[in-house]
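Structure at a glance
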Amino acid sequence: MATVRLEHIYKIYDGGVTAVNDFNLEIEDKEFIVLVGPSGCGKSTTLRMVAGLENISKGELYIGDTLVNNIEPKNRDIAMVFQSYALYPHMTVYENMAFALKMHKIPKDEIDKRVREAADILDITEYLNRKPKALSGGQRQRVAIGRAIVREPKVFLMDEPLSNLDAKLRNQMRAEIIKLRKRIDTTFIYVTHDQTEAMTLGDRIVIMKDGLIQQIGTPQEVFNEPANIFVAGFIGSPQMNFFNGVLKNEGGSVYALIPAANDGKGAKIKLTEEAAGKLEGFGDGKEVVIGIRPEHIRVVREMGENTIKGTIDVSEMMGSEYYLHISAAGKDVVLRVPMTDLPAEFRSGIPYGTEICFEFPAELIHMFDVESETNLLK
């Protein structure tokens, strides 16, 4: 097993286009790291540099204590699972899994042992004599993972391995990868654009945008303490609601004011003492961006402290909860409300145009700087 260190890694293409910019990360032995971000953020390029499939423009990459910048992919002791499975169609499952071992002149009995152990781990023993065309998408992906397992590499690299599967299969395979990780106990670097995969799989998550790392942290850290507006909006579903506001000191307390828009409805949110202490250096009128997650907003019966009023545009029934889209303070505000938290008269549906009050719990709001977009409460 091995640590992986990326020190000031850059990928600069012809014409000066920078795909990865000053990437620094130390991955512990047996850690599961997830690189996540929107398309074009540089996550797959970073993974391909670790694999040796892309040259590193600047910086140093270590696997264990070995500098691998100029080492061929086949000599890096890594195994990669691709989005497209990349199985040989004319070979059986067994032959696909054994192929790389044969190329490395591994003894036949050792190949058979490794293939059958991997097949047992992935529950594909009954398919060993089938060819890929006779398998479902999920089964093919298991074979692709099995082909990587048998090599017993120091590091597993996975590039969006579940993106070709339907939603149900993705959920099943996500659970399989979690179980697999516990059984083979090696270092994983996993790339995805799906924040649900990132949150459920990763020990730590590396969130990227435009080739730059935005935040590195555990799933809990990036969810509860986003470093900036991008991370706050990217992690969480539906995404965090944002409002432009200003700070106001009044009677020894600090408030965040959300000005009324054309609908004439604004809000006045009393901040906690802890939040007020972190904002102590800012005076009246400091412009901020206020963030609140859809699941943290509470529906209330009447206006009070920290409440705002709006009208229902859309109510989406999601089984045990509603997603409510509300026009308030000039914004489309999304609430994620458990059915049991709604007044009884709203549980069978909420008509368009219904006026509703909701509360911002002061301890759950986030505050960002307007210019730098950094989290002022972190």
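Structure: above.
Below: a short report on this structure. Every value quoted in this text rests on a predicted model; they were computed, and no experiment measured them.

Calculation notes
Within every chain, residues take consecutive numbers counted from 1 along the sequence as written. In keeping with the model being predicted, local features are shown solely for residues with a pLDDT of at least 70 and side-chain atom pairs are shown and tallied solely at 80 or more, while totals for entire chains, interfaces and linings include all residues. Each side-chain value is worked out from all heavy atoms of the structure, with water and hydrogens disregarded. We call a set of buried residues a nonpolar core when its members are Ala, Val, Leu, Ile, Met, Phe, Trp, Tyr or Cys and they connect through side-chain atoms within 4.5 Å of each other. In this scheme, a residue with accessible area under 20% of its type's maximum is buried, one over 50% is exposed, and one in between is partly exposed, where area comes from a 1.4 Å probe on protein chains only. Here, residues are in contact when the closest pair of their heavy atoms is within 4.5 Å. Secondary structure elements are defined from DSSP: runs of H or I of at least 4 residues count as helices, runs of E of at least 2 residues count as strands, and each element is numbered from the N terminus. Axis lines are fitted to C-alpha atoms, over the contacting stretch for helices. Their N-to-C directions set the angle, which ranges from 0 to 180 degrees. Geometric relationships in this document are graded by angle, where less than 35 degrees denotes roughly parallel, more than 145 denotes roughly antiparallel, 65 to 115 denotes roughly perpendicular, and other angles denote oblique. Any residue that is not Ala, Val, Leu, Ile, Met, Phe, Trp, Tyr, Cys, Pro, Asp, Glu, Lys or Arg is counted as polar, Gly included; the first ten are nonpolar and the last four charged. Helix span, expected: 1.5 Å multiplied by one less than the number of residues in the helix. Picture the helix axis, draw a direction to every C-beta atom, and the arc is the one those directions span. The pairing criterion is simple: DSSP has to find at least two bridges between the two strands.

So, about the nonpolar core. The biggest cluster of nonpolar side chains holds 47 residues, and the ones touching the most others in it are Met97, Val115, Ile145, Ile149, Ile177, Tyr190 and Ile207. When sequence neighbours within four positions are dropped, the list of residues in contact with Ile207 reads Val36, Leu212, Ile213, Gln214, Gln215, Val222, Phe230, Val231 and Ile235.

Of note, the amide linkage connecting Ser237 to Pro238 takes the cis form, showing an omega dihedral of -10°. By the element assignment, Pro238 lies in the loop between α8 (229-234) and β11 (241-250). The phi angle at Lys30 is positive, at roughly 70°, despite the residue not being glycine. The exposure class assigned to Lys30 is partly exposed, which follows from its relative accessible area of 34%. Backbone geometry at Ala329 places phi at a positive 50°, although glycine is not the residue there. Assignment of secondary structure puts Ala329 in the loop between β17 (321-328) and β18 (331-338).

With their axes 10 Å apart at the nearest point, helix α3 (residues 108-122) and helix α5 (residues 167-184) run at an angle of 140° to one another. Here α3 lies oblique to α5, going by the angle between them. Across the interface between the two elements, Asp120, Ile121 and Leu122 of α3 pack against Leu180, Arg183 and Ile184 of α5. Among the residues making up the contact of α3 with α5, the classes are represented as 4 nonpolar, no polar and 2 charged.

Quick look at helix α2 (residues 93-103) now. For α2, the complete set of buried residues consists of Val93, Tyr94, Asn96, Met97, Ala98, Ala100 and Leu101. Where α2 is buried, its residues contact α3 and α4 (137-149). Lys105 occupies a position one or two residues after α2 and carries a positive phi of about 60°.

A word on α3. Between its first and last C-alpha atoms α3 spans 21 Å; for 15 residues at 1.5 Å apiece the expected length is 21 Å, and the two agree. For α3, the full list of buried residues reads Ile111, Arg114, Val115, Ala118, Ala119 and Leu122. All buried residues of α3 lie within an arc of 130° about the axis, which places them on one face of the element. Immediately beyond the C-terminal end of α3, within one or two residues, lies Asp123, with a positive phi of roughly 60°.

Below, the discussion takes up the environment of Leu279. By the secondary structure assignment, Leu279 is in the loop between α9 (273-278) and β14 (287-292). Looking at Leu279, the relative accessible area reads 3%, which means it is buried. Each C-alpha atom, one on Leu279 and one on Ile106, is 63 Å from the other, the two residues being 173 residues apart in sequence.

Before going further, it helps to spend a moment on the pairing of β17. Of all 8 residues in β17, 7 are buried, a share of seventy percent or more. Bridge count for strand β16 (residues 307-317) against β17 is 6 bridges, and the pairing is antiparallel. Looking at the pairing, Val314 lines up with His325 of β17. Two successive antiparallel strands, β16 and β17, enclose a turn made up of 3 residues, where Gly319 displays a positive phi of approximately 100°. Of the pairings in the sheet, the one linking β17 to β18 comprises 8 bridges and is antiparallel in character. Paired with Tyr323 across the strands is Arg336, a residue of β18.

The next point concerns the sheet that holds strand β8 (residues 187-192). Pairing is mixed across the open sheet formed by 6 strands, whose spatial order is β6-β7-β8-β3-β9-β10. The sheet is open, and its two borders are formed by β6 (78-81) and β10 (212-217), each paired with just one other strand. On average, adjacent strands in this sheet sit at an angle of 15° to one another, irrespective of strand direction. Inspection of the sheet shows strand β9 (residues 204-209) paired to β10 by 5 bridges, in the antiparallel sense. Of the residues in β10, the one forming a bridge with Lys209 is Leu212. Strand contacts of α5: β3 (32-36), β7 (155-159) and β8, with the helix running at about 160° to β8, the strand carrying the most contacts.

Honestly, that's just the spatial picture; any functional story needs more than this.
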